[in-house]
Amino acid sequence: MTALLIAIGVICAINVVLTLLLLLAEATIANYGSCTVTVNGEKRLTVEGGRSLLASLKQEQIFIPSACGGRGSCGLCKVVVLDGAGPLLPTELPWLSPEEQRTQVRLACQVKVKRDLQIRIPEELLSVRQYRTVVSGLVDLTHDIKQVTLKLIEPQEITFTAGQYIQFEVPPYALTDEPVYRAYSVSSSSAQKDSVELEIRYVPNGICTTYVHQHLKVGDTVVINGPYGEFRLSDTDREMICIAGGSGMAPIKSILLDMERVRNPRKCRYFFGARARRDLFLLDEMRKLEQTLPDFRFIPSLSRPEEGDAWEGERGLVTEVVSRHVDDASHAEAYLCGSPLMIDACVKILREKGMLEEHIFYDKFS
Amino acid sequence: MESLGFFAIFFSAVFTNNILLTNYLGMCSFLGCSRELKTSFGLGAAVIFVMAATSVLNWLVYTYVLVPLNLDYLRFIVFIVVIAAFTQLVEMIIERVSEALYLSLGLFLPLIAVNCAILGASLFMVIRQYTFWQTFGYGLGAGVGWGLAILAMAGIRQRLAQRSRVPAGLEGPGIALIIAGTMALAFMGFNGMVSLN
Amino acid sequence: MKQSVRDDQIQEQMRPGVITRDGMLGADRRKVRDILEADDAAVRRLGLTHARIAARMRELRDAGAAGLGQAIDVLDHFEVRVDSARGGLPCPFMHEGLFGKEFVEVLNRRSGERLTFTALNVHMIGTHGFYEGEGAFFRQDPQVLARVLELLPEGSVPAAQKGP
């Protein structure tokens with residue numbers, strides 16, 4: 001019996017000693033102390049070493065765009081690290097072109113902060129914030145588009161320009177076990193600072209859209225960050241041709257609401273292409289804008305109206321409709337929001353009508 | 001054997017009784033991680049450190065704790081625990097010093113803990129009743145021998161990949177084992193120079 | 001079969017919630033390497049190559065793109081609809097480039113069979129020979145692709161099983 005107890009005691013003692021040694025090692029070897037990250041040559045941040053650059057910056061309220069939440073599977077979190085990063089890691093190589101490797105572009109989620117760093121990021125990212133919000137409205141606009149209204153809790157106000165987008169954090173749910181981020185344009189007016197409205201269309205096998213359409217409820221907390229994006233109304237008098245269908249309406253609607261608020265007199269035509277009547281939504285809002293804006297017309301068109309639709313409006317693909325309505329586009333500007341296919345087809349038509357590429361603006365996420 | 005000194009044991013552990021090519025221990029990471037010279041060098045260095053350190057540590061634990069208390073039957077468990085703890089330590093050090101190496105070694109770094117060559121070295125030390133310095137010589141030598149073997153293998157495989165056409169069915173483990181066998185045959189030429197038993 | 005560290009990382013990318021909601025492996029418990037080998041063998045047995053299958057998928061997609069989201073008749077007896085959502089997805093094989101979320105629905109009027117594939121499917125098949133795991137949301141079985149997209153002369157591929 002004593003022999004057994006001695007045996008157990010010895011094993012336990014050895015285990016304890018080794019564990020203590022490892023804890024000591026972890027506290028010293030794996031401990032990187034605090035490091036200074038200098039952003040754009042001016043902003044100095046003191047962060048705890050040992051974490052990824054992406055996570056450390058996030059802690060300091062600087063949000064580098066990322067779709068995968070830092071797992072190295074999207075390649076979006078590129079930053080320029082001028083000094084202090086160490087050699088390129090095998091997990092970064094697949095995402096960086098030779099040009100980028102030469103100019104010291106790194107993936108923020110893979111670079112570990114082990115010593116002082118000097119980095120360079122686009123200026124506008126410095127004004128991006130993270131917001132905790134609560135779902136205050138969930139409306140079905142069509143069979144596959146939901147309008148989500150998020151009321152800001154903390155901070156309570158957001159400042160953005162109409163046309164910009166925010167990143168929506170999808171928490172782990174069902175089969176997923178890590179957060180993921182997806183970008184959506186804000187469709188509410190920029191004057192409304194205490195809430196943001198999004199239009200989210202269901203995508204088969206989509207991580208975020210499944211969450212929004214099947215799991216999200218009024219009262220749920222949602223974390224967003226932003227604003228991002230350079231798509232916005234230009235500061236000119238040119239006539240506007242807007243082309244956006246489905247959830248592409250979001251940034252256009254935000255821009256129109258801003259125009260309404262300041263009574264912008266610019267001539268504006270918005271071509272909304274859909275398949276059948278059930279894909280149309282917010283018609284009342286658009287009709288109202290036609291009344292309140294000095295020179296705005298909303299022109300919906302159906303490419304395949306169904307039997308019971310009783311459609312008297314424009315028919316055909318949106319490119320055909322634009323072609324019919326527009327003769328000379330050389331004095332106009334275009335604002336396009338939609339799939340690359342639609343945008344390419346529209347750019348082609350507009351150029352045929354005399355519009356220059358520099359006057360064509362499109363919202364591209366991908 | 002009492003008569004063999006540190007250098008004799010070291011030399012024979014590297015060449016004549018190479019733990020990998022003669023005793024065929026530690027084949028798993030040897031086959032899996034020997035494609036590139038750089039990673040093999042890193043892994044070899046890690047194994048040398050772990051093997052030398054753990055065989056000495058295990059000798060100390062065995063001689064001063066297990067034997068006096070009549071617990072030498074516990075040596076398997078205790079040796080493995082010491083090896084596992086040490087491997088963790090090595091992981092932390094490598095992650096600190098060179099993250100690129102840490103990532104390219106990937107799974108094979110924690111797998112050092114279950115590398116049977118390392119446990120084998122400690123067990124041989126017990127079977128052959130080595131003294132402290134003999135143990136150190138053997139552990140270091142076995143590690144160096146293993147590292148040498150994996151470097152040679154990586155060099156050969158890199159060369160083969162560039163210049164030869166390996167038949168499709170033999171790619172990967174097939175050709176690696178053939179190479180290992182040929183290397184073992186070559187090392188048999190050292191036989192008889194020093195005997196460790 | 002044990003696969004390399006990189007293959008393990010790739011397999012991680014294919015898990016649910018990493019790139020897509022249900023992931024790309026479905027109920028398949030095999031390693032990625034094994035899935036690739038099995039489908040490679042299946043494709044070779046059909047007398048095809050990954051490149052040919054991907055090219056045919058691209059052909060149908062390009063023909064259907066003119067519909068701008070509406071179904072149109074292409075290539076004699078196919079009906080194709082190309083729809084897309086905004087955003088881009090990375091390839092699980094971990095290299096540069098984001099692939100648009102484009103969905104191609106193909107109806108073969110002659111046989112009455114339908115299938116749907118994505119832009120990422122076309123890339124993964126053509127460049128990596130990956131058809132997704134058994135039971136995955138967008139699994140493209142090589143035999144089904146060959147039959148519905150008519151990649152061989154009639155009669156060379158087993159006819160569709162009758163069933164529910």
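K.L.:
Which parts of the structure should I look at to understand the overall build of chain B?
P.N.:
Per the secondary structure count, chain B includes eight helices and zero strands. In chain B, the succession of helices and strands from N to C terminus is α-α-α-α-α-α-α-α. For 197 residues, the compact-globule formula gives about 16 Å, and the C-alpha radius of gyration of chain B, at 17 Å, lands near that figure. If one aligns the C-alpha atoms of chain B with their principal axes, the spans along those axes are about 60 × 40 × 25 Å. Every one of the 197 residues in chain B was classed for burial, and the buried ones make up 44%. Restricting the contact set of chain B to residue pairs at least 6 apart, pairs at least 24 apart contribute 81%.

K.L.:
Honestly, the overall build of chain C in this entry has me stumped. Any pointers?
P.N.:
The helix and strand inventory of chain C stands at five helices and four strands. Start at the N end of chain C and walk to the C end: the helices and strands fall as α-α-α-β-β-β-β-α-α. In chain C, once contacts between residues fewer than 6 apart in sequence are set aside, the share between residues at least 24 apart is 54%.

K.L.:
What am I meant to see in the interface of chain B and chain A here?
P.N.:
A common way to express how large an interface is: the accessible area buried when the components associate. Across the contact, 19 residues belong to chain B and 19 residues belong to chain A. Contributions of two or more residues to the side of chain B that touches chain A are made by α3 (37-66), α4 (75-97) and α5 (99-105) of chain B. With ten residues, α4 of chain B is the largest single contributor of residues to the side of chain B that touches chain A. Of the residues contributing to the side of chain B that touches chain A, the split by class is 15 nonpolar, two polar and two charged.

K.L.:
Where do I start with the sheet that holds strand β4 (residues 105-107) of chain A in this structure?
P.N.:
Within a sheet, neighbouring strands are paired by backbone hydrogen bonds and run either parallel or antiparallel to one another. Residues and elements named next belong to chain A. Taken in spatial order, the five strands of this open sheet run β2-β1-β5-β3-β4, and their pairing is mixed. Each end of this open sheet is capped by a strand with a single partner; those strands are β2 (43-48) and β4. Averaged over all adjacent pairs, the angle separating strand axes in this sheet is 40°, with direction ignored. Sheet topology note: the strand β3 (residues 78-83)/strand β5 (residues 117-120) ladder contains three bridges and is antiparallel. Counterpart to Val-81 in the pairing with β5 is Ile-119.

K.L.:
Quick question: what am I supposed to make of the nonpolar core here?
P.N.:
Nonpolar side chains in soluble globular proteins tend to end up buried together. With 105 residues, the main nonpolar core has Cys-242, Ile-243 and Ile-252 of chain A as its most contacted residues. Considering every element that reaches this core, the biggest residue donor is helix α5 (residues 249-262) of chain A, with seven residues. In contact with Ile-243 of chain A, other than residues within four places in its own chain, are Phe-271, Val-318, Val-322, Ala-334, Leu-336 and Cys-346 of chain A. Judged by nonpolar contacts, the second largest core, of 57 residues, contains Leu-4, Ala-85, Trp-146 and Ala-176 of chain B.

K.L.:
Could you clarify how one ought to interpret the interface of chain A and chain C in this entry?
P.N.:
Each partner contributes residues to the interface: chain A has 35 residues there, and chain C has 28 residues. Of all the secondary-structure elements, those providing two or more residues to the side of chain A that touches chain C are β9 (180-185), α4 (207-214), α7 (318-325) and α8 (340-352) of chain A. Residues of the side of chain A that touches chain C, tallied by class, amount to 17 nonpolar, eleven polar and seven charged.

K.L.:
It is not clear to me how the sheet that holds β9 of chain A should be interpreted in this structure. Could you clarify?
P.N.:
All names here are of chain A. A sheet is described by the order of its strands in space; here six strands give the open sequence β9-β8-β11-β6-β7-β10, paired in antiparallel fashion. The sheet is open, and its two edges are formed by β9 and β10 (195-201), each paired on a single side. Pairs of neighbouring strands in the sheet enclose a mean axial angle of 40°, with direction left out of account. Of the strands in this sheet, β7 (145-154), β8 (165-170), β9 and β10 are in contact with α4, which crosses β8 at around 80°.

K.L.:
Help me understand unusual backbone geometry, please; the structure alone is not making it clear to me.
P.N.:
The phi torsion of most residues other than glycine is negative, and most of the peptide bonds are trans. Here the bond from Glu-154 of chain A into Pro-155 of chain A is cis, since omega is -5°, no more than 30 degrees from zero. Mapped onto the secondary structure, Pro-155 of chain A falls in the loop between β7 and β8. If you check the backbone angles, Tyr-24 of chain B has positive phi at about 50° while not being a glycine. Mapped onto the elements of the fold, Tyr-24 of chain B is located in the loop between α1 (6-14) and α2 (27-32). C-beta crowding within 10 Å serves as the criterion here: with 16 such atoms nearby, Tyr-24 of chain B is assigned to the partly exposed category. You will see that Glu-150 of chain C, though not glycine, has its phi angle at about 55°, which is positive. Position of Glu-150 of chain C among the secondary structure elements: in the segment after α5 (142-148).

K.L.:
Would you mind going over the packing of α3 of chain B against α4 of chain B with me for this structure?
P.N.:
The geometry of a pair of packed helices is captured by two quantities: the angle between their axes and the separation between those axes. Residue and element names in this part refer to chain B. Across the interface, α3 lies against α4 with an axial gap of 9 Å and an inter-helix angle of 145°. Where α3 crosses over α4, the two elements pack in a sense that is right-handed. On α4, the residues touching Ala-46, Phe-49, Val-50, Ala-53, Thr-54, Leu-57, Asn-58, Val-61, Tyr-62 and Leu-66 of α3 are Arg-75, Val-78, Phe-79, Val-82, Ile-83, Phe-86, Thr-87, Val-90 and Ile-94. Its residues assigned to classes, the contact of α3 with α4 comprises 15 nonpolar, three polar and one charged.

K.L.:
So what exactly am I meant to see when it comes to the pairing of β2 of chain A here?
P.N.:
For a regular strand, side chains alternate in direction, first toward one face of the sheet and then toward the other. Residues and elements named next belong to chain A. Examined bridge by bridge, strand β1 (residues 34-39) and β2 share six bridges and lie antiparallel to one another. Within β2, the position partnered with Thr-36 by the bridge is Thr-46. Between β1 and β2, which follow one another and run antiparallel, lie three residues, and Asn-40 among them has a positive phi close to 55°.

K.L.:
Looking at this structure, I do not really get the environment of Ile-112 of chain B. What am I missing?
P.N.:
All names here are of chain B. Relative to the helices and strands, Ile-112 resides in the loop between α5 and α6 (116-127). Taking the C-alpha atoms as reference points, Ile-112 and Gly-26, 86 residues apart in sequence, are found 9.0 Å from one another. Those residues in contact with Ile-112, other than ones at most four positions away along the chain, are Ala-46, Val-47, Val-50, Thr-87 and Ile-118.

K.L.:
Explain the packing of α1 of chain B against helix α7 (residues 132-163) of chain B here, please?
P.N.:
Residue and element names in this part refer to chain B. One can describe the packing of α1 onto α7 by two numbers: an axis separation of 7 Å at closest approach and a directional angle of 25°. Here α1 lies roughly parallel to α7, going by the angle between them. For the element pair α1 and α7, the recorded crossing hand is right-handed. Residue-level inspection shows Phe-6, Ile-9, Phe-10, Phe-11, Ala-13 and Val-14 of α1 in contact with α7, the latter providing Trp-133, Gln-134, Gly-137, Tyr-138, Leu-140, Gly-141, Ala-142, Val-144, Gly-145 and Leu-148. For the contact of α1 with α7, the residue count by class is twelve nonpolar, four polar and no charged.

K.L.:
Would you take a moment to explain the confidence of the model for chain B for this structure?
P.N.:
Caution applies to low-pLDDT parts of the model: their predicted coordinates are not meant to be read in detail. Across chain B, pLDDT averages 85, with 96% of residues at or above 70. Taken element by element, the predicted model of chain B shows its lowest mean pLDDT in α5 of chain B (76) and its highest in α6 of chain B (90).

K.L.:
Before we go on, may I ask you to explain the confidence of the model for chain C in this structure?
P.N.:
Residue and element names in this part refer to chain C. Within chain C, residue pLDDT values average 85, and 90% of them lie at 70 or more. The lowest-confidence element of chain C is helix α1 (residues 5-13), averaging 83 in pLDDT; the highest-confidence one is helix α4 (residues 119-128), averaging 94. With pTM at 0.72, the complex prediction returns an ipTM value of 0.81.

K.L.:
Before we go on, may I ask you to explain the environment of Tyr-130 of chain B in this structure?
P.N.:
Residues and elements named next belong to chain B. With respect to the helices, strands and loops of the structure, Tyr-130 is situated in the loop between α6 and α7. Under the C-beta neighbour-count criterion, Tyr-130 is labelled buried, with 22 such atoms within 10 Å. A sequence separation of 71 residues divides Tyr-130 from Trp-59, and the C-alpha atoms of the two residues are 8.7 Å apart. Here Tyr-130 is in contact with Met-125, Thr-135 and Tyr-138, once residues within four sequence places are set aside.

K.L.:
Please clarify how the pairing of strand β6 (residues 129-140) of chain A should be interpreted in this entry.
P.N.:
All names here are of chain A. Note: β6 against strand β11 (residues 221-228), six bridges, orientation antiparallel. Each residue of the ladder has a partner; that of Arg-132, found in β11, is Val-223. The turn linking β6 back onto β7 is made up of four residues.

So, how was this worked out
- Residues numbered from 1 in each chain as written.
- Chains lettered and ligands numbered in written order.
- Predicted model: local features only at pLDDT ≥ 70, side-chain atom pairs only at ≥ 80, totals over all residues.
- Helix = DSSP H or I, 4+ residues; strand = E, 2+ residues; numbered from the N terminus.
- Rg over C-alpha atoms; globule rule 2.2 N^0.38 Å.
- Buried ≥ 20, exposed ≤ 12 C-beta atoms within 10 Å, placed from the backbone.
- Contact = placed C-beta atoms within 7 Å.
- Nonpolar A, V, L, I, M, F, W, Y, C, P; charged D, E, K, R; others polar.
- Pairing = 2+ DSSP bridges.
- Axes fitted to C-alpha atoms, helices over the stretch in contact; angles between N-to-C directions.
- Core = buried A, V, L, I, M, F, W, Y, C linked by C-beta atoms within 7 Å.
- Left-handed = near helix turned anticlockwise from the far one by under 90°.
- Parallel < 35°, antiparallel > 145°, perpendicular 65-115°, else oblique.
- pLDDT = per-residue confidence, 0-100.

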